[in-house]
Amino acid sequence: VIVEGGGNKVAYMIGASQFHQRGTAIGNVYDRYTVRTNVQGRPKDWLKVAGNMSVSYDKRSTNPNWGGASGGAAYTAGGLSYLNNPLYPAVDENGKEYEIQYPDGMYTPSYYVANLTNMSHRYGLLAAFNVEIEPIPNLKIASRAGLDGYISMAMANRVPSFLATEGDGTRSRNTAFNYTATITNTVEYSFGIGHDHQFVVLAGQEGVNNYYDAYAAGSEGISDDRLTNLQNGTQETYSVSESFSQSKFLSFFGRVDYALMDKYYFDASVRNDACSRFGPNNRNATFWAAGGMW
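Here the structure is a predicted model, which means the values were calculated and not measured.

1. Overview of the sheet that holds strand 4 (residues 47-61)
Strand order in the open sheet formed by 11 strands is 1-2-3-4-5-6-7-8-9-10-11, and the pairing between neighbours is antiparallel. Whereas interior strands pair on both sides, the edge strands pair on one side only; in this sheet they are strand 1 (2-6) and strand 11 (284-293). The mean inter-strand angle of the sheet, taken between neighbouring strand axes irrespective of direction, is 10°. Pairing between strand 6 (residues 139-158) and strand 7 (residues 169-193): 20 bridges, direction antiparallel.

2. Observations regarding unusual backbone geometry
The phi angle at Met 261 is positive, at roughly 55°, despite the residue not being glycine. Position of Met 261 relative to the elements: it lies in the loop between strand 9 (239-260) and strand 10 (264-275). A positive phi is found at Asp 262, a non-glycine position, where the angle reads about 55°.

3. Structural notes on the side chain of Ser 152
If you trace the backbone, Ser 152 turns up in strand 6. Aside from chain neighbours lying at most four places away, what touches Ser 152 is His 121, Arg 122, Asn 174, Thr 175 and Ala 176.

4. Observations regarding the packing of aromatic side chains
Inspection of every chain in the model, using the stated rule, returns 13 aromatic pairs. When the centroid spacing of 5.9 Å and the interplanar angle of 75° are considered together, the rings of Tyr 98 and Tyr 102 count as edge-to-face. Of the two residues, Tyr 98 and Tyr 102, neither departs from the other in class, the shared state being buried. With a centroid separation of 5.5 Å and an interplanar angle of 35°, the aromatic rings of Tyr 111 and Phe 162 are classed as tilted. You can see Tyr 111 sitting in helix 1 (residues 109-115) and its partner Phe 162 sitting in the loop between strand 6 and strand 7, a full 51 residues away along the chain.

Conventions used here
- Residues numbered from 1 in each chain as written.
- Predicted model: local features only at pLDDT ≥ 70, side-chain atom pairs only at ≥ 80, totals over all residues.
- Heavy atoms only, no water.
- Pairing = 2+ DSSP bridges.
- Helix = DSSP H or I, 4+ residues; strand = E, 2+ residues; numbered from the N terminus.
- Axes fitted to C-alpha atoms, helices over the stretch in contact; angles between N-to-C directions.
- Contact = heavy atoms within 4.5 Å.
- Phe/Tyr/Trp six-rings, centres within 6.5 Å; stacked < 30°, edge-to-face > 60°.
- Buried < 20%, exposed > 50% of the residue type's maximum accessible area, 1.4 Å probe, protein only.

From the geometry alone we can't say anything about function, so treat these as descriptive.
See the structure below:
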């Protein structure tokens, strides 16, 4: 669904979409919902503004063991179901689908999915905003900011009543928060000398911040299908882990373009980049480039 409109000063677009996919294996599901909006305007001849934002949510249900060659009999209900003896039909002599196990002892996909769940949720945000002013002809000052981030939550659960594990239920949860924020500021001036010489001079700065924070927790020994929270496992099986990383980049750059008689072109650029991933004595580096074209 898309709605768009505008006038001489402002234009906008708002859209929404949904996507649903079911995998070939029972319980393999993916759903996604997205809302997106774009707005751009020119309230003054010397001022331009624009922004766009996309918000998304997706949900998926899968099992990482499905199809794994190292999986045991419990996992053949998924990707390893081809190991079932083809002499045994999918239904019994009365035409009824097997509820728990096939005659060869392998569990049916429906029973497997009902007792082992693996669900993840992801909330995403992608946004960008920019402003450009032209205080005098051919002088453009622009600022652009962007954000790309998400929050994800996942849960895996095996109920104690699952026959393959003999009353040993498990539970795991993990959450992650991740984003990349960017800001770029530039000043650009173009001018000519006579009819044969054209110049474009640009100077700018850019900063990037990367952030990731996640944790995971799990427990085993859960004995009641009605009590499957993490704390209902045995204490000796508790597990907790945490992951964190952050890095920052800061750059300054400049460029000069020169055109002679619209036939010969020359350019030169220089930039200095700094990254927090390096030590204080090796954090900065300067790079340059030059070129020509006819």
